[in-house]
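Fold and contact review
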Amino acid sequence: MFALEELLIETDPDLTLAATMVIGFDDNGHLVVEYKTTDYNIPEETRITYVSVDKDDAYVLAKKVHAALTGLPGYICKRYGVRPLCQAVPSEARALFGDILDFYKYHGVRYQLTKRTIYPSNPMHC
């Protein structure tokens with residue numbers, strides 16, 4: 001959970017592939033987009049991609065788009081968020097992720113990409 005978190009997209013939960021994307025500030029003040037995908041055919045794996053913009057670059061971005069730093073997640077959500085929620089499909093989530101990266105590139109914002117795969121712990125013990 002992030003400070004000032006905004007939900008950008010959430011796909012239809014009845015689909016085999018589910019995706020959610022949120023934006024907000026982490027504990028260090030970095031602007032972070034979290035893009036999470038789960039394939040219910042392979043429930044052992046959940047993939048999460050983080051796009052992190054350090055707080056100084058986030059401040060510069062806020063100035064460029066004429067928004068307050070604390071209003072940046074809301075600004076990006078208003079500009080790119082998909083409504084109504086839970087009716088989107090996974091391809092829309094992937095496209096939105098690319099749109100946000102293009103937005104950062106257009107404004108000359110440096111960001112760091114981090115990818116993780118989360119494997120659920122095995123409840124059975126020997």
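Reference entry: report on the structure contained in this document. Keep in mind that this is a model prediction, so the values were computed, not measured.

**So, the overall build of the chain**
A count of helical and extended segments in the chain gives three helices and five strands. Shown N-terminal to C-terminal, the secondary structure of the chain runs as helices and strands in the order β-β-β-β-α-α-α-β. Projected onto its principal axes, the C-alpha positions of the chain cover 55 × 35 × 20 Å. By residue count, 37% of the 126 residues in the chain fall in the buried class. For the chain, the proportion of contacts with a sequence separation of at least 24, taken over those separated by at least 6, is 55%. Surface accessibility of the chain: about 7,800 Å² in total, with carbon and sulfur atoms responsible for 52%. Averaging the coordinates of the 13 positive side-chain charges in the chain and doing the same for the 17 negative ones gives two points 7 Å apart.

**Side note on the sheet that holds strand β3 (residues 31-39)**
Read from one edge of the open sheet, five strands run β1-β2-β3-β4-β5, paired in antiparallel fashion. Both outer strands of the open sheet, β1 (3-10) and β5 (112-118), are each paired with one neighbouring strand and no more. When strand polarity is set aside, the average angle formed by the axes of neighbouring strands in this sheet is 20 degrees. In the sheet, strand β4 (residues 46-53) pairs with β5 via seven bridges, with the strands oriented antiparallel. Across the sheet, T49 pairs through a bridge with K115, a residue of β5.

The rules behind these values
Residues numbered from 1 in each chain as written. Predicted model: local features only at pLDDT ≥ 70, side-chain atom pairs only at ≥ 80, totals over all residues. Heavy atoms only, no water. Helix = DSSP H or I, 4+ residues; strand = E, 2+ residues; numbered from the N terminus. Buried < 20%, exposed > 50% of the residue type's maximum accessible area, 1.4 Å probe, protein only. Contact = heavy atoms within 4.5 Å. Areas by Shrake-Rupley, 256 points an atom, 1.4 Å probe, with all protein chains shown as cover. Lys, Arg positive; Asp, Glu negative; His and termini not counted. Charge placed at Lys NZ, Arg CZ, Asp CG, Glu CD. Pairing = 2+ DSSP bridges. Axes fitted to C-alpha atoms, helices over the stretch in contact; angles between N-to-C directions.

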